[in-house]
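Close look at the chain arrangement
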Amino acid sequence: MSASRRIANTALKLLYRYSHGPGHRHNERLWPHVSVGRDADGNLVSYSYRGRPLPLANPVLGRGAFSGTGHIIACGPSINEIDYGRLSLSGVMGVNGAIALADRHPVRFDYYCFNDTGFVRARPDLVRRVVAQELLLFTTPLCLWHVLQRVPAAALGCRLFLIENPQRRALLPARTMAEVRRDHPDTELAIFDLDRALGFSHDIRKGVFDVGTVAYTALQVMAWLGFSEIVLHGVDLVNAATAPRFYETPADRLPTTLDRYLPDHILPSFTRAAALLGESGVQIANLSRHGALSAGPFRQLDWRELVVD
């Protein structure tokens, strides 16, 4: 991003803070260049950037559109233990830097998900590769704004489906978790803990819970898409401060907050979500043998069991 654009964006952000209350702070980057449209139920259906509409899959893609086994490929170092050259996968969702796996193996991503603006800012090289692909990208209005600061809209080869935090919806005032519970039944948003804002989304059009790892966001998306078995690749979630992501080098390694959020946010959310999904017949299988999800309601699976002779 050019220095002049950074200065202009900062000036607009400060002007927004001066003219809007704290309940609108999460919209400071979107204003004034982004506009969104919502249907009668409040669901996102359109997004425009600097007056240019970008087509969304939100109005046409419904819950349960897919079935069978889906895969979430995250970025833990256990990815290095898997020989993807021996696997033939379909229904594959990558998160954050998983696109780098394509440098080693012929992995095709059908879906992708990122909701961390820090990742978009720090690794624009990987983001450009993702958005150039013919895949369905699930991201937030704010992340998309950050993408468009770095990639021209004409260069987007992916389809877009916008998701948002139910407390901080695009261009709407912030809500408390009590208000979220009041506005949405458990069949839409199942809330586990009001104080820690933990929950699971049965309808991603109403919001998606962010507990500190994009893999949990991806789990909610894949369950909504209709997959009855969801296989987790590289969702290690342990020793994140010392164990680099599978694609990183000492020179480009990014900091992480996984260790901080693991005990009180990430692990309880995954555990409750697995039990909740199990009640509806959705099974979660985990390929990370020594990861944080190696017990409880997660079915342990060796990657070799996915090899089809």
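Above this text sits the structure in question.
Just so you know, the residues in each chain are numbered from 1, in the order the chain's sequence is written. Whole-chain, interface and lining totals are the exception, using all residues; otherwise, since this is a predicted model, local features are given only for residues with pLDDT of at least 70 and side-chain atom pairs are given and counted only at 80 or more. Heavy atoms throughout the structure, all of them, feed into the side-chain values; hydrogens and water do not.

Points about the overall build of the chain
To be explicit about the condition: A run of DSSP states H or I qualifies as a helix once it reaches four residues; a run of E qualifies as a strand once it reaches two. Both are numbered from the N-terminal end. C-alpha atoms define the radius of gyration, and 2.2 Å times the number of residues to the power 0.38 defines the globule rule. The buried label goes to any residue with under 20% of its type's maximum accessible area, the exposed label to any with over 50%, and the partly exposed label to all in between, with areas taken from a 1.4 Å probe on protein chains only. A 1.4 Å probe and the Shrake-Rupley method give the accessible areas. Residues count as covered only by the protein chains that appear here. Counted as positive: Lys and Arg. Counted as negative: Asp and Glu. His and the chain ends are not counted at all. To locate a charge, the coordinates of NZ of Lys, CZ of Arg, CG of Asp or CD of Glu are taken.
Looking only at helices and strands, the chain has 7 helices and 13 strands in total. Taking 309 residues into account, the globule formula puts the C-alpha radius of gyration at 19 Å, and the chain, at 19 Å, falls close to it. For the C-alpha atoms alone, the extent of the chain along its principal axes is close to 60 × 45 × 35 Å. Among the 309 residues that make up the chain, the fraction classed as buried is 51%. By element, 51% of the accessible surface of the chain is carried by carbon and sulfur atoms, the whole surface being about 13,900 Å². Distance from the positive charge centre (34 side chains) to the negative charge centre (29 side chains) of the chain: 8 Å.

Overview of the nonpolar core
Under the convention used in this document: Here the nonpolar core consists of buried residues drawn from Ala, Val, Leu, Ile, Met, Phe, Trp, Tyr and Cys, with membership extended through side-chain atoms lying within 4.5 Å. By definition in these notes, contact holds between two residues if any of their heavy atoms fall within 4.5 Å.
Ranked by size, the top nonpolar core spans 52 residues in total, and within it Phe138, Phe161, Tyr216, Leu219, Leu225, Ile230 and Phe270 carry the most contacts. Looking at this core, the element that brings in the most residues is helix α6 (residues 214-225), giving 10 residues. For Leu225, the contacting residues outside a window of four places in its chain are Leu61, Gly64, Ala65, Phe66, Tyr111 and Phe138. Leu44, Ile79, Leu156 and Ala285 belong to the second largest nonpolar core, which has 51 residues in total.

A few points about the sheet that holds strand β6 (residues 111-114)
Sheet strands pair via backbone hydrogen bonds, and the direction of the pair is either parallel or antiparallel. What counts, and what does not: Pairing between two strands is assigned when DSSP locates at least 2 bridges connecting them.
Spatially, 8 strands are ordered β8-β7-β6-β5-β4-β11-β12-β13 in an open sheet, and the strand pairing comes out parallel. The open sheet has two edge strands with one neighbour each: β8 (159-162) and β13 (299-300). Where strand β4 (residues 69-73) and strand β11 (residues 229-233) come together, 5 bridges link them in parallel fashion. Its bridge partner being in β11, His71 is matched across the sheet by Val231.

Quick notes on the pairing of strand β5 (residues 92-95)
Of the two faces of β5, the one carrying Val92 and Gly94 and the one carrying Met93 and Val95 are both buried. Sheet topology note: the β5/β6 ladder contains 3 bridges and is parallel. In the strand pairing of β6, Val95 is matched with Cys113.

Quick notes on the pattern of salt bridges
In a structure, side chains of opposite charge can pair up when their charged atoms sit close to one another. Condition: When a carboxyl oxygen of Asp or Glu lies within 4 Å of a side-chain nitrogen of Lys or Arg, that pair is called a salt bridge.
According to the stated counting rule, one finds 13 salt bridges in the structure shown. Where Asp103 meets Arg129, a salt bridge forms, and the shortest distance between an N and an O atom there is 2.9 Å. A residue pair is termed long-range when its members are at least 10 positions apart, and Asp103 in the loop between β5 and β6 and Arg129 in helix α3 (residues 124-131) qualify at 26 residues. A salt bridge links Asp302 to Arg304; the nearest nitrogen and oxygen atoms lie 3.0 Å apart. On the basis of relative accessible area, Asp302 is assigned to the partly exposed category, the value being 25%. On the accessibility criterion, Arg304 (48% relative accessible area) is partly exposed. When salt bridges that share partners are traced, they join Arg123, Asp125 and Asp252 into one network.

Topic: the pairing of strand β2 (residues 44-49)
In terms of strand pairing, strand β1 (residues 34-38) meets β2 through 5 bridges, oriented antiparallel. Residue pairing in the sheet places Arg38 in a bridge with Leu44 of β2. Between β1 and β2, which pair antiparallel and follow one another directly, the connecting turn spans 5 residues, one of which, Gly42, has a positive phi of 85°. Pairing between β2 and strand β3 (residues 52-54): 3 bridges, direction antiparallel. Bridge pairing in β3 places Tyr47 opposite Leu54. In sequence, β2 turns back onto β3 through a hairpin of 2 residues, with Arg50 there showing a positive phi of about 50°.

Quick notes on the state of the cysteines
This is how the line gets drawn: For this text, the term disulfide refers to a pair of cysteine sulfurs within 2.5 Å.
For the coordinates displayed, the defined rule picks out 0 disulfides. Cys75 carries a free sulfur, and the closest cysteine sulfur to it, the one in Cys113, is 12 Å from it. With no disulfide of its own, Cys143 lies closest to Cys113 among cysteine sulfurs, the gap being 8.8 Å.

Considerations on the packing of aromatic side chains
Where we set the bar: Geometry of aromatic contacts follows a simple scheme: Phe, Tyr and Trp rings, the Trp one being its six-membered ring, pair when their centres are within 6.5 Å, and the pair is stacked under 30 degrees between planes, edge-to-face over 60, tilted otherwise.
Evaluated as defined, the whole model comprises 10 aromatic pairs. Aromatic pair Tyr216 and Phe270: ring centres 5.2 Å apart, planes at 75°, arrangement edge-to-face. Linking Tyr216 in helix α6 with Phe270 in helix α7 (residues 258-279), this pair joins segments that are 54 residues apart in sequence. Across the pair, exposure class does not vary: Tyr216 and Phe270 are buried alike. The rings of Phe66, Tyr111 and Phe227 are connected pair by pair, giving a single aromatic cluster.

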